[in-house]
Amino acid sequence: MKKVVTRFAPSPTGTLHIGGVRTALFNYVYAKQNDGLFLVRIEDTDRERSTKEYEKNILDNLTSIGLIPDKKPINQSERNEIYIKAAEKIIESGNAYWCDCSPNELDQMRKEQIAAGKKPMYDGRSRYLGLDRNEKTVLRLATPEEGDIVVKDLIRGEIAFKNSELDDLILLRSDGTPTYHLCNVVDDFEQGVTTVIRGEDHISNTPRQIHIQNALGYPQLEYAHLPLVLGTDKKRLSKRHAATNLEEYRSQGYLDSAIINTLARLGWSKGDNEVFYLNDLIKDFNIKEVQKAGAIFDLTKLEWVNSQHLSNLSIDEFKQHIEPFLSKIDIDIENHSNVNLLINSMRSSENTLEGIAKSLIPYYKDELDYDKKAISKFCSDNSTILDDIKDLLLNIDNWTEDNLDDALKSYQTEKNLPVPKVNQPIRIALTGSTKSPSLGLTLSIFGKGLSIKRIEDLITHLNQ
RNA sequence: GUCCCGUUCGUCUAGAGGCCUAGGACACCGGGUUUUCAUCCCGGCAACAGGGGUUCGACUCCCCUACGGGAUGCCA
């Protein structure tokens, strides 16, 4: 058996799109589970729209998310001679011809075809003219006029096209540069690609590409056309729907592994399992099980998957991951006397690292943003609870969670007060809101000095 | 228009003719734990696009219609 080689072939006309990450992922996983190679090819033949910045963005992001190519990526823009040579080979075999139809003429032709209710396509009018090359001619592939061409697809089975539906596509532009289809076919051959896994928007390109392969005498490839990632309106996911580039998700605090998990589950599943890591995918993924219909990208699912991956992290891994998000808001994670306790009790407070980092602010910074509603609900009755608690806490020397809880409980029993009446004002004093881990724990995380200071601060604030 | 691909809960999906009273997960709603929040646990809501066949029997097979997407470039 021939070694499996897959490739991801983005054009650098934008940053790495999450749909692209998914395509790359399936290519990567398929290669790895077959002990094969995963390659990357930059399709930058569109000089107008391609930039080196986008290329770098794509390559860097692929690498950092772990979809590392097994060979150095190649650029189509540097391989012109190879394509020209291939085109010459097709000319020699008699499977291509020069055509001098002007863009205007073609435009006119299409309009007439549409008006006549026909499919707009090049009608082959120059095919038998025996034209020579000049600065106005393009090279066209002479597509077989009769018969069918069958695409064998791992996901969809066999898809048949009538050759009569296919027009003679352009191989070389009038300026002599090769087009997408030619480059694509030649490179897949040159790179030894065996399996093409790409979006379903390429299905109708496939029969055309097979004709080029045939003209060149290349072997048949294996195909798998993935369903598209859609937005909520069932159209291809775009910036209108949600963030589309990978970096945005990362900067919001979604774990790479969670993004990969979510993308893999979009169109594929395995029993009742929801949580998958890259290694699981290499073990369990089966391209033949991929769904045929497009799948809507659902942010809430990503959030949940992220929370699962977050909770699977060890404390050290978690700290490592959240560190950049904390330093972004000027917090040094280690600048806390009870870091591990704090992190462990707060790590499930939100679904993203960015959200958790924000909820950690009261534990590191002194300026509190008091929740006005909470204050009016729990602190507006002129009671002496805060003063009482302050005095109570002042007398506790053994500052432990259990001790603190006991002290609070006996105060509350003694005064015959409902628990929230006692606890919530303290929470507000400590964190600015009524949200925090259990109160004894929260107090022990803050430590005696800071706890008392915060209670004093709130008393002052209320007296203003 | 033409060709191609699709269509199971709001969303991701299970389902290869009887196992389906259509299962799981997210979301949502309710309850419990935490006398806060989050986590966690329990429960609930909710779908086979429509119509014809084939069959003893169809979510599963065939046809038609509808709807959605893609392709129809000297873009990739």
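Residues numbered from 1 in each chain as written. Chains lettered and ligands numbered in written order. Predicted model: local features only at pLDDT ≥ 70, side-chain atom pairs only at ≥ 80, totals over all residues. Heavy atoms only, no water.

(A) The protein's contact with RNA strand B, seen in detail. Of all residues adjacent to RNA strand B, which total 62 residues, the nearest are Pro120, Arg173, Lys235, Gly267 and Ser348. The sugar-phosphate backbone supplies 72% of the atoms of RNA strand B found within 4 Å of the protein. Take Glu43: an N or O atom from its main chain is 3.2 Å from a sugar or linking oxygen of RNA strand B. Within the side chain of Gln291, one N or O atom sits 2.9 Å away from a phosphate oxygen of RNA strand B. Going through the elements one at a time, helix H4 (103–115), strand S7 (157–162), helix H5 (180–190), strand S12 (295–296), helix H10 (299–311) and helix H18 (419–431) are the ones with two or more residues in the surface near RNA strand B. With 4 residues, H10 is the largest single contributor of residues to the surface near RNA strand B. Grouping the amino acids of the surface near RNA strand B by side-chain chemistry returns 19 nonpolar, 20 polar and 23 charged. (Near = heavy atom within 4 Å. Polar contact = N/O pair within 3.5 Å; in protein donor to acceptor, adjacent residues only side chain to side chain. Helix = DSSP H or I, 4+ residues; strand = E, 2+ residues; numbered from the N terminus. Nonpolar A, V, L, I, M, F, W, Y, C, P; charged D, E, K, R; others polar.)

(B) Focus on the side chain of Glu43. Considering the arrangement of structural elements, one finds Glu43 in the loop between strand S2 (37–42) and helix H2 (52–64). One polar contact links Glu43 to Arg41, side chain to side chain, over a distance of 3.0 Å. The residues touching Glu43, leaving out its near neighbours within four places in the chain, are Ala9, Pro10, Ser11, Pro12, Ser50, Gln76, Tyr180 and Asn184. (Contact = heavy atoms within 4.5 Å.)

(C) Broad picture of the pairing of strand S5 (residues 138–141). Where burial is concerned, the two faces of S5 agree: the one with Val138 and Arg140 and the one with Leu139 and Leu141 are both buried. Relative to S5, strand S4 (residues 96–99) is paired through 4 bridges, and the arrangement is antiparallel. Paired with Trp98 across the bridge in S5 is Leu139. One ladder, built from 2 bridges, connects S5 with strand S8 (residues 170–172); its direction is antiparallel. Bridging from a neighbouring strand, Leu139 pairs with Leu172 of S8. (Buried < 20%, exposed > 50% of the residue type's maximum accessible area, 1.4 Å probe, protein only. Pairing = 2+ DSSP bridges.)

(D) Representation of the packing of H5 against helix H6 (residues 206–216). Contact pair H5 / H6: the axes reach a minimum separation of 9 Å and the direction vectors enclose 60 degrees. In terms of their interaxial angle, H5 and H6 are classed as oblique. Our pair here, H5 against H6, has a crossing hand that is right-handed. Contact with H5, carried on its side by Tyr180, His181, Leu182, Asn184, Val185 and Val186, involves Arg208, Gln209, Ile212, Gln213 and Leu216 of H6 and no other residues of that element. Split into classes, the residues belonging to the contact of H5 with H6 amount to 6 nonpolar, 4 polar and 1 charged. (Axes fitted to C-alpha atoms, helices over the stretch in contact; angles between N-to-C directions. Parallel < 35°, antiparallel > 145°, perpendicular 65-115°, else oblique. Left-handed = near helix turned anticlockwise from the far one by under 90°.)

(E) Layout of the packing of helix H17 (residues 401–415) against helix H19 (residues 439–446). For the pair H17 and H19, interaxial distance at closest approach is 8 Å and the crossing angle is 125 degrees. Classified by the interaxial angle, the pair formed by H17 and H19 is oblique. As H17 packs across H19, the resulting crossing turns out to be right-handed. Judged by residue contacts, Glu401, Leu404, Asp405 and Leu408 of H17 engage Leu439, Gly440, Leu441, Leu443 and Ser444 from H19. A breakdown of the residues in the contact of H17 with H19 according to their chemical character gives 5 nonpolar, 2 polar and 2 charged.

(F) Region of the structure containing the state of the cysteines. Here the structure, examined in full by the defined rule, presents 0 disulfides. Looking at the unpaired Cys99, the closest cysteine sulfur is the one in Cys101, lying at 3.6 Å. (Disulfide = S-S within 2.5 Å.)

(G) Fine view of the pairing of S7. The pairing of strand S6 (residues 148–153) with S7 spans 6 bridges and is antiparallel. Each residue of the ladder has a partner; that of Asp153, found in S7, is Gly157. Here S6 folds back onto S7, and the loop between the two strands holds 3 residues.

(H) Examining the packing of aromatic side chains more closely. All told, the structure shown has 8 aromatic pairs when counted by the stated rule. Taken together, a centroid distance of 3.8 Å and an interplanar angle of 5 degrees make the contact between Phe189 and Tyr218 stacked. On the criterion of sequence distance, the pair formed by Phe189 in helix H5 and Tyr218 in the loop between H6 and strand S10 (222–226) is long-range, its members being 29 residues apart. Judged by relative accessible area, which is 39%, Phe189 ranks as partly exposed. For Tyr218, a relative accessible area of 12% gives the class buried. (Phe/Tyr/Trp six-rings, centres within 6.5 Å; stacked < 30°, edge-to-face > 60°.)

(I) A look at the side chain of Asn27. In this structure, Asn27 sits in helix H1 (residues 18–33). From its side chain, Asn27 meets the backbone oxygen of Arg7 in a polar contact 3.4 Å long. When near neighbours in sequence (up to four residues on either side) are disregarded, Asn27 contacts Thr6, Arg7, Phe38, Thr195 and Ile197.

(J) The environment of Val193, seen in detail. In this structure, Val193 sits in the loop between H5 and strand S9 (195–199). Residue Val193 is classed as buried on the basis of its relative accessible area of 5%. The spacing of Val193 and Glu105 is 88 residues in sequence and 38 Å in space, taken between C-alpha atoms. Setting aside its immediate chain neighbours within four residues, Val193 contacts Val5, Arg7, Asp188 and Leu221.

(K) Broad picture of the pattern of salt bridges. All chains considered together, the criterion is met by 28 salt bridges. Put simply, Glu43 and Arg41 hold a salt bridge, and the shortest N to O gap is 3.0 Å. The class of Glu43 is buried, set by a relative accessible area of 7%. By relative accessible area, Arg41 is classed as buried at 0%. When salt bridges with common partners are traced through the structure, they connect Arg7, Arg41, Glu43, Arg79, Asp187 and Asp188 into a single cluster. (Salt bridge = Lys/Arg side-chain N within 4 Å of Asp/Glu carboxyl O.)

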